[in-house]
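Chain residues, written in single-letter form:
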Amino acid sequence: MSIRSIRLAVLVSGRGSNLQAIVDAVRAGRLQASVEVVVSDVADAPAVARAREGGVPAAVVRRRDYPSRAEFELALAGAVEKARPDLVVLAGFMRLLGPAFLDRFPGRVINIHPSLLPAFPGLEAQKQALEYGVKFSGCTVHYVDYGMDSGAIIDQRVVEVMPGDDVDSLSARILEQEHELLVGVIGRMGEQMNEHVNEPVNEQMSEQMSEQMGRRIGGKIGEGRGVRRGREQA
Ligand code: GRF
């Protein structure tokens, strides 16, 4: 049986270390995937430079260039769709996405977040964790629904909070785990896609993955929890 690489579109806004982890894993042969496009809402994001250095096409779609959030999301979806991705990965993409984008990729958009969700959604999750005084935090990869970091959880890594930790030290240890977690999840999703090569890819990702996680992703999307804090600037 021939193995097909899972086609990725990666959405970014900033530093791009998670993007880099994916690109490095692909290059090292540790991840059977292809990054088909990187789309950023920030023109000078370091992630855009990383993409281009890695030979990955990068597009910039800025919110300010569109009169409404829906039109911005449609433009974003257009840039992503051109690459025909199996999976859309939000890797430090700092905006909430709504139906104009998400309904085009049902069950196929995932996000990495630096806390053990449902604890500490939104911005500055590591700071929130330290301020709360938790002894363990970590990171989560989850499906994206209309809410703020509220979609079905796919996988998590635990990171112990050490005495004397500050935001930088805790963030750095969580970030190491983020890179491994995200690459691992994408790898598993690619394997599952290949186990079902005879089915249309969209169906595999939304039906089979959601069933496996014991959730109805279609049901989750559309439920949205109405939380619109932090990231959204629309
Ligand atoms: C990561 O901490 C990720 O969990 C969060 O934003 C940060 C992005 O970092 N969503 P990078 O741009 O991948 O370096």
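Structure: see above.
Bear in mind that the values here come from a model prediction, so they are computed numbers and not experimental data.

Cut-offs applied
One numbering rule holds for all chains: residues counted from 1, following each sequence as written. Owing to the predicted nature of the model, reporting of local features is limited to residues with pLDDT of at least 70; listing and counting of side-chain atom pairs is limited to 80 or more, with chain, interface and lining totals taken over all residues. Heavy atoms throughout the structure, all of them, feed into the side-chain values; hydrogens and water do not. Put simply, DSSP marks the helices as runs of H or I at least four residues long and the strands as runs of E at least two long, and each gets a number from the N terminus on. Whether two residues are in contact is decided by their heavy atoms, any of which lying within 4.5 Å being enough. Values of accessible area rely on a 1.4 Å probe in the Shrake-Rupley scheme; residue burial ignores everything except the protein chains shown. Definition of nonpolar core: a set of buried residues of the types Ala, Val, Leu, Ile, Met, Phe, Trp, Tyr and Cys, connected through side-chain atoms within 4.5 Å. Only protein chains enter the accessibility calculation, which uses a 1.4 Å probe; a residue is then buried when its area is under 20% of its type maximum, exposed when over 50%, and partly exposed in between. Angles shown run from 0 to 180 degrees and are taken between the N-to-C directions of axes, each axis being a line fitted to C-alpha atoms and, for helices, limited to the stretch in contact. Put simply, angles under 35 degrees are roughly parallel, angles over 145 are roughly antiparallel, angles from 65 to 115 are roughly perpendicular, and the rest are oblique. For any helix crossing, the convention is left-handed if the near helix is rotated counterclockwise from the far helix by under a right angle, and right-handed if that rotation is clockwise. Any N or O atom pair separated by 3.5 Å or less is treated as a polar contact, with the protein-specific requirement of one donor-capable and one acceptor-capable atom, and with residues adjacent in sequence counted only for side-chain atom pairs.

Assigned secondary structure in the protein chain consists of eight helices and seven strands. Restricting the contact set of the protein chain to residue pairs at least 6 apart, pairs at least 24 apart contribute 67%. In the structure as shown, the protein chain presents an accessible area of about 10,700 Å², 49% of it carried by carbon and sulfur atoms.

This part is about the nonpolar core. Membership of the largest hydrophobic core comes to 40 residues, with the highest contact counts inside it found for Leu 8, Val 10, Ile 22, Val 89, Ile 110 and Ile 186. Ranked by the residues each element gives to this core, the list is headed by helix H6 (residues 167-195), at nine residues. Ignoring any residue separated from it by four or fewer positions in sequence, one finds Val 89 in contact with Leu 8, Ala 9, Val 10, Leu 11, Ile 22, Ile 110, Leu 182 and Ile 186. Counting 21 residues, the second-largest nonpolar core is a separate cluster that includes Ala 9, Val 39, Ala 77 and Val 88.

With that out of the way, let us pick up the packing of helix H1 (residues 17-27) against H6. Orientation of H1 relative to H6, taken along the N-to-C sense of each, is 50 degrees, at an axis distance of 9 Å. Comparing their axes, H6 and H1 come out oblique. Here the hand of the crossing between H1 and H6 comes out right-handed. For the pair formed by H1 and H6, the contact residues are Ser 17, Asn 18, Ala 21, Ile 22 and Ala 25 on the first element and Leu 175, Glu 178, His 179, Leu 182, Val 183 and Ile 186 on the second.

Next up on the list: the side chain of Asp 149. For Asp 149, the location among the structural elements is in the loop between strand S6 (136-143) and strand S7 (153-160). For Asp 149, a relative accessible area of 6% translates into the label buried. A polar contact is formed between the side chain of Asp 149 and the side chain of Asn 111, at a distance of 3.3 Å. At 3.3 Å, the side chain of Asp 149 forms a polar contact with the side chain of His 113.

Turning next to H1. Quick reminder: α-helices carry 3.6 residues per turn. Residues three or four places apart thus point the same way. Among all positions of H1, only Ser 17, Asn 18, Leu 19, Ala 21, Ile 22, Val 23 and Ala 25 are buried. Looking at the buried residues of H1, the elements they touch are strand S1 (6-12), strand S2 (33-40), helix H2 (46-53), strand S4 (87-90), strand S5 (109-113) and H6. One or two residues past the end of H1 sits Gly 29, with phi positive at roughly 80 degrees.

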